[in-house]
Amino acid sequence: MTVEARWNGETIARSETTVIVEGNHYFPPASVNRGNLVHSSKTTHCPWKGDASYFSINAGGEMNTDAAWCYTDPKPKAEHIRDHIAFYGSVEIIES
């Protein structure tokens, strides 16, 4: 199965090897178009995954604020999603 993350008419990520955690597809780093991501100052903390860093998505001339996140230094139980990127909000996740 191929999974795509799309927003504002652009494919932001595409992979056949996402990792699903808590209902979210985490895309391997190499499968994400980093040119669409802008680092954000937002961070959150998950008790079992650790601290998440956020990105805004720049696509089609518009910005989707804080719509992607990743764990660059996850806790041991979340090591399998280190540096993988997940999306939410109005980002469409398409499974085919």
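Structure's up top.
Worth saying up front: this structure is predicted, and the values here are computed from it rather than measured. Each chain carries its own residue numbering, running from 1 in the written order of its sequence. Side-chain atom pairs in this predicted model are given and counted only at pLDDT of 80 or more, local residue features only at pLDDT of at least 70, and totals for whole chains, interfaces and linings cover all residues. With hydrogens and water set aside, each side-chain value is computed from the structure's full complement of heavy atoms.

Things to note about the environment of Ala5
- Only runs of H or I of at least four residues qualify as helices and only runs of E of at least two qualify as strands under DSSP, and these elements are numbered from the N terminus. Along the chain, Ala5 turns up in strand β1 (residues 3-7).
- The spacing of Ala5 and Ala52 is 47 residues in sequence and 19 Å in space, taken between C-alpha atoms.
- Leave out the neighbours within four places in its chain, and Ala5 touches Glu10, Thr11, Ile12, Ala13, Phe27, Phe87, Val91, Glu92 and Ile93. In what follows, a contact means two residues having at least one pair of non-hydrogen atoms within 4.5 Å.

Observations regarding the sheet that holds strand β8 (residues 85-87)
- When DSSP locates at least two bridges between a pair of strands, those strands are taken to pair. Here we have four strands laid out as an open sheet, ordered β5-β6-β7-β8, and antiparallel in their pairing. Each having just a single partner strand, β5 (37-46) and β8 make up the two edges of the open sheet. Between one strand axis and the next, the sheet turns through 35° on average, direction left out of account. Each axis is a line fitted through C-alpha atoms, and for a helix only the stretch in contact is used; angles between axes span 0 to 180 degrees, taken between their N-to-C directions.

Some points on the pattern of salt bridges
- Each salt bridge in this description consists of a side-chain nitrogen of Lys or Arg and a carboxyl oxygen of Asp or Glu lying within 4 Å of one another. Enumeration according to the criterion identifies four salt bridges in this entry.
- Note that Arg14 is salt-bridged to Glu4, the shortest N-O span being 3.4 Å. Here Arg14 is found in strand β2 (residues 10-15), whereas its partner Glu4 is found in strand β1, with 10 residues between them in sequence.
- Asp73 serves as the salt-bridge partner of Arg82, at 3.8 Å between the closest nitrogen and oxygen.
- Sharing partners across several salt bridges, the network here consists of Asp73, Glu79 and Arg82.

Examining the packing of aromatic side chains
- Ring pairs are drawn from Phe, Tyr and Trp, using the six-membered ring of Trp, whenever the two centres fall within 6.5 Å, and their geometry is named by plane angle: stacked under 30 degrees, edge-to-face over 60, tilted for the rest. Tallying each qualifying case throughout the model produces four aromatic pairs.
- Put simply, a charge is over a ring when the Lys NZ or the Arg CZ is close to the ring centre, within 6 Å, and near the line of the ring normal, within 35 degrees. The ring of Tyr54 has Lys42 lying over it, and the distance from NZ or CZ to the ring centre is 4.7 Å.

Overview of the side chain of Ser15
- By secondary structure assignment, the location of Ser15 is in strand β2.
- A polar side-chain atom of Ser15 sits 2.8 Å from the main-chain amide nitrogen of Thr17.
- The residues touching Ser15, leaving out its near neighbours within four places in the chain, are Met1, Thr2, Val3, Phe27, Pro28 and Ser31. Any pair of N or O atoms that falls within 3.5 Å is considered a polar contact. Within protein, one atom must be able to donate a hydrogen and the other to accept it, and sequence-neighbouring residues count only if both atoms are side-chain atoms.

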